[in-house]
Amino acid sequence: MREIDYADMLEIPVNTVNVTKKKSKKKKEEVELKDKVVEAINERVEGVLMDSIVEYGEENSTFTAGGNKVPPTKNDKVKKKKEKNGGNAFKNFFNSKILLAEFIAICVLVGTIFFTNVFYQNSAINTFFSNMFGTTTQTKAVDNRSYDQLTLAGIVNDKSITCSITDKGIMTVQAKCSIYAPYTGKITNIEKTSDGSYNMTVEHTTKFKTVFSGLTYGYGKNGDTVHTTIPIGYSDGSRVVQAAMYNEESIISAYEVNSNNSIVWKK
């Protein structure tokens, strides 16, 4: 640049201008509206939270000696809940006239049954409930039949074995064979003798029984039921097996043994 030009430029007057940017009124209004909305929401949320805290504190807080609230323990909550529920249930139960009447009726019925069981065992109500629930004791039928009313089998079932009768009416067998009861019955006595043999008593009825002696082995025990088709003992043939039939305490002799070794009453 030439010096003259520069000098000319220095003589040119210069003015300073300050430019101020004015804030938009519309934007300010938008910011203020946003702040108001946020503030209103915060106030509502804070109010709800405070109400919840107060309500929870009233129901679930406990007080110390200084009057300050402290959070309840788990046991306190459970205890309070039980007391509340239990108290309401108990109160509701007695407020209901129907339930109360049923409760009283049940107590009266139970008391009546108890006292009748204690003092009147044969009362109608005891009989009724016994029949209803099947608690009646069944009396076992007693067999009082006489011996000559029964059809007997033999004490041995092998036809090749001889079964003899003594003059006193005692049957005798000496052979290797099984021994049977002449009629169904129950073992009332079984014992082993000093010589190693077994004696057995079988009761057929209240009046009729058979007594065995000389058995090599005796099967069963006292109280067992015996049948004519199942052996009650065994003989190895080394001893004479005897069988005496009794009518109460008297030996029965009015019978005979046929070819099948079955016992037949004499007419």
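The sections below set out a description of the structure shown in this document. (Residues numbered from 1 in each chain as written. Predicted model: local features only at pLDDT ≥ 70, side-chain atom pairs only at ≥ 80, totals over all residues. Heavy atoms only, no water.)

Here we take up the overall build of the protein chain. From N to C terminus, the protein chain includes five helices and 15 strands. Burial status across the protein chain gives 20% buried among its 267 residues. Contacts in the protein chain between residues far apart in sequence, at least 24 positions, make up 55% of those at least 6 positions apart. Carbon together with sulfur atoms contributes 55% to the accessible area of the protein chain, which is approximately 20500 Å² in total. (Helix = DSSP H or I, 4+ residues; strand = E, 2+ residues; numbered from the N terminus. Buried < 20%, exposed > 50% of the residue type's maximum accessible area, 1.4 Å probe, protein only. Contact = heavy atoms within 4.5 Å. Areas by Shrake-Rupley, 256 points an atom, 1.4 Å probe, with all protein chains shown as cover.)

We now examine the pattern of salt bridges. Close approach of charged atoms lets side chains of opposite charge pair. On inspection of all chains with the given rule, the structure shows four salt bridges. With its nearest N and O atoms 3.9 Å apart, the salt bridge here joins K209 to E249. Of this pair, K209 sits in strand β8 (residues 208–215) while E249 sits in the loop between β12 (241–247) and β13 (250–251); the two residues are 40 residues apart in sequence, bridging distant segments of the chain. Assessed through its relative accessible area of 64%, E249 is described here as exposed. (Salt bridge = Lys/Arg side-chain N within 4 Å of Asp/Glu carboxyl O.)

Okay, the pairing of β8 next. Pairing geometry for strand β7 (residues 198–203) and β8, over five bridges, is antiparallel. By the bridge assignment, Y198 is partnered in β8 with L215. As consecutive antiparallel partners, β7 and β8 are separated by four residues. The sheet contact formed by β8 and β12 spans six bridges and is antiparallel. Following the sheet pairing, F208 is matched in β12 by N247. (Pairing = 2+ DSSP bridges.)

A separate point is unusual backbone geometry. Of note in this structure, E248 is not a glycine but carries a positive phi near 60°. Within the secondary structure, E248 is located in the loop between β12 and β13.

Core analysis: the largest hydrophobic core is formed by 29 residues, its most contacted members being L152, I155, M171, I179, F212 and M245. The residues touching M171, leaving out its near neighbours within four places in the chain, are I155, C163, S164, I165, V241, Q242, A243, M245, Y255, V257 and I263. (Core = buried A, V, L, I, M, F, W, Y, C linked by side-chain atoms within 4.5 Å.)

Topologically, S235 is positioned in strand β11 (residues 233–236). According to the relative accessible area criterion, S235 is buried, its value standing at 1%. At 3.2 Å, the side chain of S235 and the backbone oxygen of A175 are in polar contact. Apart from the residues within four sequence positions on either side, S235 is in contact with A175, K176, C177, T216 and V241. (Polar contact = N/O pair within 3.5 Å; in protein donor to acceptor, adjacent residues only side chain to side chain.)

Moving on, we come to the side chain of T216. With respect to the helices and strands, the residue T216 is situated in the loop between β8 and β9 (217–218). Separated by 3.0 Å, the side chain of T216 and the backbone nitrogen of D236 make a polar contact.

Together, F103, I104 and V108 make up an exposed nonpolar region whose accessible area comes to about 270 Å². With respect to the secondary-structure elements, F103 resides in helix α4 (residues 97–119). (Patch = residues over 30% accessible without salt bridge, like charges linked within 9 Å, V, L, I, M, F, W, Y side chains within 5 Å.)

On to the packing of aromatic side chains. Following the criterion strictly, the structure yields five aromatic pairs and no others. Look at Y147 and W265: their rings are 4.9 Å apart centre to centre, the planes differ by 65°, and that puts the pair in the edge-to-face class. Of this pair, Y147 sits in the loop between α5 (124–133) and β3 (164–165) while W265 sits in strand β15 (residues 263–265), placing them 118 residues apart in sequence. The class of W265 is buried, set by a relative accessible area of 16%. Connected via pairs of aromatic rings, a cluster forms that spans Y147, F208, Y255 and W265. In this structure, K209 packs its charged tip against the face of Y246, placed 5.6 Å from the ring centre. (Phe/Tyr/Trp six-rings, centres within 6.5 Å; stacked < 30°, edge-to-face > 60°. Lys NZ or Arg CZ within 6 Å of the ring centre and 35° of its normal.)

Bringing the sheet that holds strand β5 (residues 176–179) into the picture now. Sheet strands pair via backbone hydrogen bonds, and the direction of the pair is either parallel or antiparallel. An order of β5-β11-β9 is seen for the three strands of this open sheet, with the pairing classed as antiparallel. The outermost strands of the open sheet, each flanked by one partner alone, are β5 and β9. For β5 and β11, the ladder comprises four bridges, and the chain directions are antiparallel. Within β11, the position partnered with K176 by the bridge is D236.

Take the environment of N144 next. If you trace the backbone, N144 turns up in the loop between α5 and β3. Overall, N144 belongs to the partly exposed group, its relative accessible area being 47%. Each C-alpha atom, one on N144 and one on T205, is 5.9 Å from the other, the two residues being 61 residues apart in sequence. When neighbours within four sequence positions are excluded, N144 is seen to be in contact with T206 and K207. Separated by 2.8 Å, the side chains of N144 and T206 make a polar contact.

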